[in-house]
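Structural characterization, general
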There are 2 protein chains.
Amino acid sequence: MTAAEAVDGGRRRSGGREARRERRSGAGTAAAPAFITRQVPTYELLGEEGLALIERHAEQLLQEVGLEFRGDPEVLRLWQEAGADVRGELVRFPAGLVPAIIRRSVRPQFTQHARNPARSVEIGGRHTVFSPAYGSPFVYDRAGGRRYGTIKDFENFVKLAYASPWLHHSGGTICEPVDVPVNKRHLDMVYAHLRWSDKALMGSVTAPERAEDSIELCRVAFGRDFVEQNCVILGNINVNSPLVYDVTMTAALRTSAAANQGIVVVPFILGGAMGPVTIAGAIAQSHAEAMAGVALTQLVRPGAPVIYGSFLSSLSLRTGAPTFGMPEPVLSHLVVGQLARRLGVPLRCGGALTGSKLADAQGAQESSDALFSACLGGANFILHAAGWLEGGLVMGYEKFMLDVDHCGMLHTFLAGLPLDENGFAMEAFREVGIGKHYLGAQHTLKNYQTAFYDSALASNESYEQWAEAGSQDADTRAHARWQQVLRDYEPPPIDPGVDAALTDFIARRKAAIPDAWY
Amino acid sequence: MTAAEAVDGGRRRSGGREARRERRSGAGTAAAPAFITRQVPTYELLGEEGLALIERHAEQLLQEVGLEFRGDPEVLRLWQEAGADVRGELVRFPAGLVPAIIRRSVRPQFTQHARNPARSVEIGGRHTVFSPAYGSPFVYDRAGGRRYGTIKDFENFVKLAYASPWLHHSGGTICEPVDVPVNKRHLDMVYAHLRWSDKALMGSVTAPERAEDSIELCRVAFGRDFVEQNCVILGNINVNSPLVYDVTMTAALRTSAAANQGIVVVPFILGGAMGPVTIAGAIAQSHAEAMAGVALTQLVRPGAPVIYGSFLSSLSLRTGAPTFGMPEPVLSHLVVGQLARRLGVPLRCGGALTGSKLADAQGAQESSDALFSACLGGANFILHAAGWLEGGLVMGYEKFMLDVDHCGMLHTFLAGLPLDENGFAMEAFREVGIGKHYLGAQHTLKNYQTAFYDSALASNESYEQWAEAGSQDADTRAHARWQQVLRDYEPPPIDPGVDAALTDFIARRKAAIPDAWY
């Protein structure tokens, strides 16, 4: 019997109906799962033959074309030592070298510890972690319109993510706080994650000293010894596709891996721009690039926590603009998921992606296909699970709330189908009989509170009720909702000594360096 | 090598890039596929053990609880003759009887002929057919608001479906034309399908004489002998769940099956109302009900074309209202798809379902999950693929256009991933090298026009361009689009003699019966 277990994780694992009831209430984080443990199978788009063919082409790229590692002699030394063919900054890899390095020491699953131990997440295996969108310079809400993000917006999104039962992670650069100097933002961002949330977080990787600061703040919060032994922070490294890693990225990668902290390696390929316009080639390229970065973390420190990422997208044929949530990237990410599983590395995919400017039908449709397929593809760490608009240029408040609701639905989907005696309800059939309704049946009364996902935002009342309440569309309801959640927000507890040490460290670092604004 | 073939069907099968280019142009029906031939695998949610368990519970319902067939002695006679245990109107079925009847004569795939032979559809196997939404009393558009449907609206939707390259079927009661007497509507509806489209259609089943009229109109259009030998019309039969078939439905079923015309058998179960509130029980019930109806068509006429349907939904815990596009029905439909495939019967699932009043984020998100999962589940005939709003109460013009665009995307998804030499683009990697862009590469120039799905409605231009064009949301763009498509509409050719015979038949039938309005 495929009894679906509760979608519940870590220390809070608690099966059964009670957990589901609490989990589905949509209210607060009290009983929410720390992460998802998937109870449904992954969707296997390609068979063995197709996957082997892609792997062969990725190997061919590694052997024949190679990758450039620019401005980082230490990386070139590591590759040479590992047996690669290094000429200047061009590195070519003998057949099988890169996957062999990965398989030798990579961890198929690791724990990222949160400040609240009950919120620590498992990354890899059958687990899925939803994390907010990342990296937007702009924010949008219905009242305030589209504008540059500020540290206030950043804190708002940290609080909204903390308050949501359906996000397991606090994320990283949720939006760029452009009112803070560019060389000091990382301090305020990491502090906001540590102070206004207790979920796991991502640090800065835009320069090695910022990666180091991010980790140092975690050492203050978690304890130095603990951080040496455990992963408490993730850094997201974008490859300079096609086939280039520059020193900004590799230095941050080396810093994090050496410190035993997690790295997400993400080839960023818009087909036709940073890679070929045909899907198969872009996937092979992405696989080659990702494998090289993953292997590099293992050369720096065998066993360093690492996530294999992908970001493949398409172009609008009419405008040349990037498009998101389209069927070609959906296909790509499903295949990339299969490739990562064959390597035995945790997988990151993008989440609720869209090119839309608004949380309208386009925004929701593109995001839904992208997020649903990432889940079906077995993604372990889903960045951009909530808030993403306009190809990542904008973090939307309403979009965030709507996406989070979809994340909630996916908790139910990924929990699968309970096939137990209660599920089959044979006593209800005998009680109700033929042609009568089940509304008052014992079995219905026993189960109705937990039977179905309870959306916080969907309107399912009658047209008349809906019209009387103002004929609000989903975006309007989401606008009211995020404001309410912020009003209801209560910060998680923090040791005052730790808080003082964090603010003290930040003040000293800020005083030590002049402001830079670009 | 898993070379994905073109998603193309029937007489128009034409592989290769040219077909894809035309298909993706989004303009007109000229080169669109008559139906989809799926090149990706189905998603198998449950394993053998889980499926066998559901089948066992469905058998238990058939054996122990039974079904009632009300008001139709002929049906009771057929069941008795087939070996069922008939007591009054209650029918119980010995173990294995119902699936055995089905397996003996059911056709796993059949052709539904369209008036234009190039538009005939294959139903079953690896094929998927998208059909418009069905049965709404109301229509909605941004300018006209929510109102009762008229025959003018009905004709508009027939024309919009005809004009879309991504819908393969003209559908049936796209909206109720409430300005036409209830007992004569079927004549005008079937005429509209036959006259303003040349795609395959569905007839009326609300009374046996209406089913007969629908078929008779097809005999005029296709020729009497042709209709006796071939399926040219489908009828959608909803079961009176739980566990009841009434004479209105079974008489229409008998009429259609005897005439060798297609029947879609659809248990309609809102969990907690017409069936148990838990998913497994509702699926077992749906399977039992659907199998009984499918088997009945085979008792009437072995080999009669029949489709196994399902419509399982959930309830809002807060309002008691039905909900759509939620994760529980998504899970259910995936399992139902597996059960239908094991029986060897073509499968119908609902498409772009939503409880939303508008084509907003809720409408798009719920619809996307429902439609995408129906495709992944291998549905062969997807009713409600476009236009559905408000739990089926409303047919939306803008929603229709947005859904159709999603259907277009799913054509690309279901075509899978070309893993040929051009797809892997090794010459492009060698040409471009490292760290450079692919925009001007030979391979890009050769492929860019066909590389990606070209959405007719998505906005992917820059924010500035979008703002300058009026900051339109997707719903606003869809509003302009359906009006434009209707302005550009040109009817398909029809033999004037056939047209005259159709209108003559309709005039005579209308004159022979007094108007009824309810």
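Thresholds, definitions, all that
- For every chain, the first residue of the written sequence is number 1, and numbering continues from 1 along that sequence.
- Chain letters and ligand numbers both follow the written order, the letters beginning at A and the numbers at 1.
- Totals for whole chains, interfaces and linings use every residue, but because this is a predicted model, local features are given only for residues with pLDDT of at least 70 and side-chain atom pairs only at 80 or more, for both listing and counting.
- Side-chain calculation: all heavy atoms of the structure are included, whereas hydrogens and water are not.
- Strands here mean DSSP runs of E at least two residues long; helices mean DSSP runs of H or I at least four residues long; both are numbered from the N terminus.
- When we talk radius of gyration, it's over C-alpha atoms, and the globule rule is simply 2.2 Å times the number of residues to the 0.38.
- With a 1.4 Å probe rolled over the protein chains alone, any residue whose accessible area is under 20% of its type maximum counts as buried; one over 50% counts as exposed, and the rest are partly exposed.
- Methods summary: accessible areas were calculated by the Shrake-Rupley approach with a probe of 1.4 Å, and residue burial reflects only the protein chains presented.
- Under the convention used here, Asp and Glu are negative, Lys and Arg are positive, and both His and the chain ends fall outside the count.
- Working definition for charges: the position is that of NZ of Lys, CZ of Arg, CG of Asp or CD of Glu.
- Domain segmentation is taken from an automatic or database assignment of domains.
- Residues are treated as being in contact if the distance between any of their heavy atoms lies within 4.5 Å.
- Simply put, the buried area is the total loss of 1.4 Å probe accessible area from both parts when two parts are fitted together.
- Counted as salt bridges are all cases of a side-chain nitrogen of Lys or Arg within 4 Å of a carboxyl oxygen of Asp or Glu.
- The term polar contact refers here to a pair of N or O atoms within 3.5 Å; inside protein, the definition further demands a hydrogen-donor-capable atom paired with an acceptor-capable atom, and it admits residues adjacent in sequence only when both atoms are side-chain atoms.
- For this scheme, ten residues count as nonpolar: Ala, Val, Leu, Ile, Met, Phe, Trp, Tyr, Cys and Pro. Four count as charged, namely Asp, Glu, Lys and Arg, and the remainder, Gly too, count as polar.
- Multiplying one less than the number of residues by 1.5 Å gives the expected span of a helix.
- Least squares is used to superpose the copies, and the fit set is the C-alpha atoms of residues whose pLDDT is at least 70 in both copies.
- Think of it this way: DSSP has to see at least two bridges between two strands before they count as a pair.
- Lines fitted to C-alpha atoms define the axes here, with helix axes fitted over just the stretch in contact, and angles between the N-to-C directions of these axes take values from 0 to 180 degrees.
- What sets the label is the angle itself: under 35 degrees gives roughly parallel, over 145 gives roughly antiparallel, 65 to 115 gives roughly perpendicular, and the rest give oblique.
- Here a crossing is called left-handed whenever its near helix is offset anticlockwise from the far helix by less than a right angle, and right-handed whenever the offset is clockwise.

Describing the overall build of chain A
- Secondary structure summary: chain A contains 19 helices and 20 strands in total.
- Rg of the C-alpha trace for chain A: 23 Å, near the compact-globule value of 24 Å for 518 residues, within the 12% margin.
- Its C-alpha atoms give chain A principal-axis dimensions of about 80 × 55 × 50 Å.
- Among the 518 residues that make up chain A, the fraction classed as buried is 67%.
- For chain A, the exposed area adds up to about 16,200 Å²; of that, 52% sits on carbon and sulfur atoms.
- Taking the average place of the 49 positive charges on the side chains of chain A and the average place of its 56 negative ones, the gap between the two points comes to 2 Å.

Section: the domain arrangement of chain A
Residues and elements named next belong to chain A.
- Per the domain assignment, the segments of chain A are domain 1 (16–32 + 419–488) and domain 2 (103–414).
- Domain 1 puts 21 residues into the contact, and the matching count from domain 2 is 22 residues.
- Summed over both partners, the interface of domain 1 with domain 2 buries about 2,000 Å², with 64% contributed by carbon and sulfur atoms.
- The tally of links from domain 1 across to domain 2 stands at one salt bridge.
- Between Arg-142 and Asp-475 there is a salt bridge whose closest N-O contact spans 2.8 Å.
- Between the two partners, domain 1 and domain 2, sit eight residue pairs in polar contact (both at pLDDT 80 or more).

A closer look at the pattern of salt bridges
- One pass over the full model with this rule turns up 50 salt bridges over all chains.
- Ionic pairing is found between Arg77(A) and Glu74(A), a salt bridge with its closest N-O pair at 3.0 Å. Here Glu74(A) and Arg77(A) lie together in helix α3 (residues 73–82), a separation of three residues that amounts to about one turn.
- On the basis of relative accessible area, Arg77(A) is assigned to the partly exposed category, the value being 41%.
- The partner of Arg87(B) in a salt bridge is Asp85(B), with the nearest N and O atoms 3.2 Å apart.
- A relative accessible area of 55% places Arg87(B) in the exposed class.
- Residues joined in a network through salt bridges with shared partners are Glu212(A), Glu216(A), Arg219(A) and Arg224(A).

Brief notes about the interface of chain B and chain A
- Residue-level contacts link 120 residues of chain B with 120 residues of chain A.
- Interface of chain B and chain A: buried area, both sides summed, is about 9,800 Å²; carbon and sulfur atoms make up 71% of it.
- The three residues of chain B that bury the most area against chain A are Leu317(B), Ile434(B) and Phe452(B), which together make up 8% of that side's buried surface.
- At the junction of chain B with chain A, the criterion picks out two salt bridges.
- One salt bridge connects Glu64(B) with Arg430(A), and the closest N-O pair in it is separated by 3.2 Å.
- Our count for the contact surface shared by chain B and chain A stands at 33 residue pairs in polar contact (both at pLDDT 80 or more).
- The element contributing the most residues to the side of chain B that touches chain A is helix α12 (residues 361–376) of chain B, with 10 residues.
- When its residues are assigned to classes, the side of chain B that touches chain A shows 61 nonpolar, 39 polar and 20 charged.

Points about helix α2 (residues 48–65) of chain B
All names here are of chain B.
- A rise of 1.5 Å per residue sets the reference length of α2, with its 18 residues, at 26 Å; its end C-alpha atoms lie 25 Å apart and thus fit the reference within 8%.
- Within α2, the full set of buried residues consists of Gly-50, Leu-51, Leu-53, Ile-54, His-57, Ala-58, Glu-59, Leu-61, Leu-62 and Val-65.
- Where α2 terminates, the next one or two residues include Gly-66, which has phi positive at roughly 80°.

Quick look at the relation of the copies chain B and chain A
- With an RMSD of 0.0 Å, the operation that places chain B on chain A is a rotation of 180° combined with a shift of 0.0 Å along the axis. Seen this way, the second copy is the image of the first under a two-fold rotation axis. Minimal C-alpha separation from the rotation axis in chain B is found for Ala361(B), amounting to 2.4 Å.

A look at the environment of Phe138(B)
Residue and element names in this part refer to chain B.
- Residue placement: Phe-138 occurs in strand β8 (residues 138–141).
- Judged by relative accessible area, Phe-138 falls into the buried class, the value being 15%.
- Taking the C-alpha atoms as reference points, Phe-138 and Met-395, 257 residues apart in sequence, are found 6.2 Å from one another.
- Apart from residues no more than four positions distant in its own chain, Phe-138 is found in contact with Arg-146, Arg-147, Tyr-148, Gly-149, Leu-393, Val-394 and Met-395.

With respect to the sheet that holds strand β9 (residues 145–148) of chain B
Residues and elements named next belong to chain B.
- Spatial ordering of the open sheet is given by β9-β8-β21-β20, a layout of four strands whose pairing is mixed. Single-partner strands in this sheet number two, and they are β9 and β20 (388–389).
- With three bridges connecting them, β8 and strand β21 (residues 394–396) associate as parallel partners. Within β21, the residue paired with Val-139 across the bridge is Met-395.

Let's talk about the packing of helix α10 (residues 279–300) of chain A against helix α11 (residues 327–343) of chain A
Residue and element names in this part refer to chain A.
- Remark: α10 packs on α11, axes separated minimally by 10 Å, with the N-to-C direction vectors making an angle of 40°. One element, α10, and the other, α11, form an angle in the oblique class. Handedness of the α10/α11 crossing: right-handed. Here α10 contributes Ile-279, Ile-283, His-287 and Met-291 to the contact with α11, which in turn contributes Glu-328, Leu-331, Ser-332, Val-335, Val-336, Leu-339 and Leu-343.
- Considered class by class, the residues forming the contact of α10 with α11 number eight nonpolar, two polar and one charged.

Some details on the sheet that holds strand β2 (residues 67–70) of chain A
Residue and element names in this part refer to chain A.
- Taken in spatial order, the four strands make up an open sheet running β3-β4-β2-β12, and their pairing is mixed. If you trace the sheet from one side to the other, it starts and ends with β3 (85–87) and β12 (244–246), each paired once. Across this sheet, the average inter-strand angle for adjacent strands is 20°, counted without regard to direction.
- Strand direction decides the pairing type here: β2 and strand β4 (residues 90–92), joined by two bridges, are antiparallel. Across the sheet, the residue bridging to Leu-67 is Val-91, located in β4.
- Along the sheet face, helix α9 (residues 247–258) touches β2 and β12 and points at about 70° away from the line of β12.

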